[in-house]
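For reference, the chains in residue letters:
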Protein chains: 2
Amino acid sequence: MMIAETPELPYYAVIFTSLRREGDQGYEATSEHMMQLAAQQPGFLGVDHARDTVGITVSYWKDLESIKNWRNHADHAQARHRGRSEWYKAFKVRIARVERDYEFKI
Amino acid sequence: MMIAETPELPYYAVIFTSLRREGDQGYEATSEHMMQLAAQQPGFLGVDHARDTVGITVSYWKDLESIKNWRNHADHAQARHRGRSEWYKAFKVRIARVERDYEFKI
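What comes next concerns the included structure.

**Topic: the overall build of chain A**
Right, so step 1: The helix and strand inventory of chain A stands at three helices and four strands.
Right, so step 2: Its helices and strands in sequence order give chain A the pattern β-α-β-β-α-α-β, from N to C terminus.
Right, so step 3: In terms of overall dimensions, chain A is globule-like: its C-alpha atoms have a radius of gyration of 14 Å, near the 13 Å expected for 106 residues.
Right, so step 4: With the C-alpha coordinates of chain A rotated into their principal frame, the extents come out at 40 × 30 × 20 Å.
Right, so step 5: Residue pairs in contact within chain A that sit at least 24 positions apart in sequence constitute 76% of those at least 6 positions apart.
Right, so step 6: Summing over all exposed atoms, chain A offers an accessible surface of approximately 5,600 Å²; the carbon and sulfur share of this is 51%.
Right, so step 7: Each charge sign in chain A was given a centre, from 15 positive and 15 negative side chains, and these centres are 8 Å apart.

Now the structure itself:
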């Protein structure tokens, strides 16, 4: 397991924080498919995901245009619709420009 | 359980992604204390945290100065030192300016 590697600054982060409803309703399969599909998009740089009480997915992108193109991808638009109607109680999306980063490894 | 509420744009996010070492070594107690202490700092706006394979903590701040002041807080500096020596295999910190946000609630 690795933390997402990202290139030289600046780049963009999409911070997706969510609270799930009860039950799977096809969420896990779609989520995995979306992760794979996102990774194939132009401008995709990496993603990290964790869930316990809340879920946090942070995906990294070259620029705002890449984010917009992924947002408008047909399969993703369909998944986002199901997110609102079937999977999430609440979510928040934040688009942020990464201005500084540093890391530590043993 | 709630997702962090944040005010009008722009504000800043500190995205902390980490891989833990085995064992607690005082991590949980310190982590909880740091969350409480951070919440008392000037410019603190909110925080979300989740861990499964990786841990992701995203804290929100009014401006870069608030982030810098929290970084230099004596108790936090000590905890950050223990993070490198005892708790983490690897981590990455990204400081980002949130430029857009939207939310959904049922």
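From this point, the discussion proceeds with the structure in view.
**Some details on the nonpolar core**
Right, so step 1: With 28 residues, the main nonpolar core has Val-58 of chain A together with Val-58 of chain B as its most contacted residues.
Right, so step 2: Secondary-structure elements contributing two or more residues to this core are strand S1 (11–20), strand S3 (55–61) and strand S4 (88–105) of chain A together with strand S1 (11–20), strand S3 (55–61) and strand S4 (88–105) of chain B.
Right, so step 3: Residues within four places of Val-58 of chain B in sequence aside, it is in contact with Ile-15 and Ile-56 of chain A together with Ala-13, Val-14, Ile-15, Gly-46, Val-47 and Asp-48 of chain B.

**Quick notes on unusual backbone geometry**
Residues and elements named next belong to chain A.
Right, so step 1: The amide bond that connects Leu-9 to the next residue, Pro-10, takes the cis arrangement and shows omega of -10°.
Right, so step 2: Looking at the secondary structure, you find Pro-10 in the segment before S1.
Right, so step 3: Residue Gln-25 is not a glycine yet carries a positive backbone phi of 50°.
Right, so step 4: Judged by its relative accessible area of 39%, Gln-25 falls in the partly exposed class.

**Points about the interface of chain B and chain A**
Right, so step 1: Contact with chain B, which involves 46 residues of that partner, is made by 46 residues of chain A.
Right, so step 2: The junction of chain B with chain A conceals about 4,400 Å² of combined surface from both sides, 61% of it contributed by carbon and sulfur atoms.
Right, so step 3: If you look at where chain B meets chain A, you find two salt bridges.
Right, so step 4: Among the salt bridges present, the one from Glu-103 of chain B reaches Lys-92 of chain A, with a minimum N-O distance of 3.5 Å.
Right, so step 5: Joining chain B to chain A, the criterion identifies 25 residue pairs in polar contact (both at pLDDT 80 or more).
Right, so step 6: With 18 residues, S4 of chain B is the largest single contributor of residues to the side of chain B that touches chain A.
Right, so step 7: Of the pairings in the sheet, the one linking S4 of chain A to S4 of chain B comprises 15 bridges and is antiparallel in character.

**Section: the relation of the copies chain B and chain A**
Right, so step 1: The transform that puts chain B on chain A rotates by 180° and translates by 0.0 Å along the axis, for an RMSD of 0.0 Å. What the rotation and shift describe, once combined, is the action of a two-fold rotation axis.
Right, so step 2: When you check the interface residues of chain B against chain A, 100% turn up at the interface there too, and the contact is symmetric in its surfaces.

**Section: the packing of helix H1 (residues 27–39) of chain B against helix H3 (residues 74–87) of chain B**
All names here are of chain B.
Right, so step 1: Where H1 meets H3, the axes come as close as 11 Å, and the angle between the chain directions of the two elements is 150°. In terms of orientation, H1 lies roughly antiparallel with respect to H3. Handedness of the crossing formed by H1 with H3: left-handed. The residues of H3 that touch H1, namely those facing Tyr-27, Thr-30, His-33, Met-34 and Leu-37, are Asp-75, His-76, Ala-79, Arg-82 and Trp-87.
Right, so step 2: Here the contact of H1 with H3 is composed, by residue class, of five nonpolar, three polar and two charged.

**Some thoughts on the packing of helix H2 (residues 64–72) of chain B against H3 of chain B**
Residues and elements named next belong to chain B.
Right, so step 1: Remark: H2 packs on H3, axes separated minimally by 5 Å, with the N-to-C direction vectors making an angle of 70°. If you check the angle between H2 and H3, you find them roughly perpendicular. For the pair formed by H2 and H3, the contact residues are Trp-70, Arg-71 and Asn-72 on the first element and Ala-74, His-76, Ala-77 and Arg-80 on the second.
Right, so step 2: The residue makeup of the contact of H2 with H3, split by class, is three nonpolar, two polar and two charged.

Rules used throughout
- Residues numbered from 1 in each chain as written.
- Chains lettered and ligands numbered in written order.
- Predicted model: local features only at pLDDT ≥ 70, side-chain atom pairs only at ≥ 80, totals over all residues.
- Heavy atoms only, no water.
- Helix = DSSP H or I, 4+ residues; strand = E, 2+ residues; numbered from the N terminus.
- Rg over C-alpha atoms; globule rule 2.2 N^0.38 Å.
- Contact = heavy atoms within 4.5 Å.
- Areas by Shrake-Rupley, 256 points an atom, 1.4 Å probe, with all protein chains shown as cover.
- Lys, Arg positive; Asp, Glu negative; His and termini not counted.
- Charge placed at Lys NZ, Arg CZ, Asp CG, Glu CD.
- Core = buried A, V, L, I, M, F, W, Y, C linked by side-chain atoms within 4.5 Å.
- Buried < 20%, exposed > 50% of the residue type's maximum accessible area, 1.4 Å probe, protein only.
- Buried area = accessible area lost by both parts, 1.4 Å probe.
- Salt bridge = Lys/Arg side-chain N within 4 Å of Asp/Glu carboxyl O.
- Polar contact = N/O pair within 3.5 Å; in protein donor to acceptor, adjacent residues only side chain to side chain.
- Pairing = 2+ DSSP bridges.
- Least-squares fit on C-alpha atoms with pLDDT ≥ 70 in both.
- Axes fitted to C-alpha atoms, helices over the stretch in contact; angles between N-to-C directions.
- Parallel < 35°, antiparallel > 145°, perpendicular 65-115°, else oblique.
- Left-handed = near helix turned anticlockwise from the far one by under 90°.
- Nonpolar A, V, L, I, M, F, W, Y, C, P; charged D, E, K, R; others polar.

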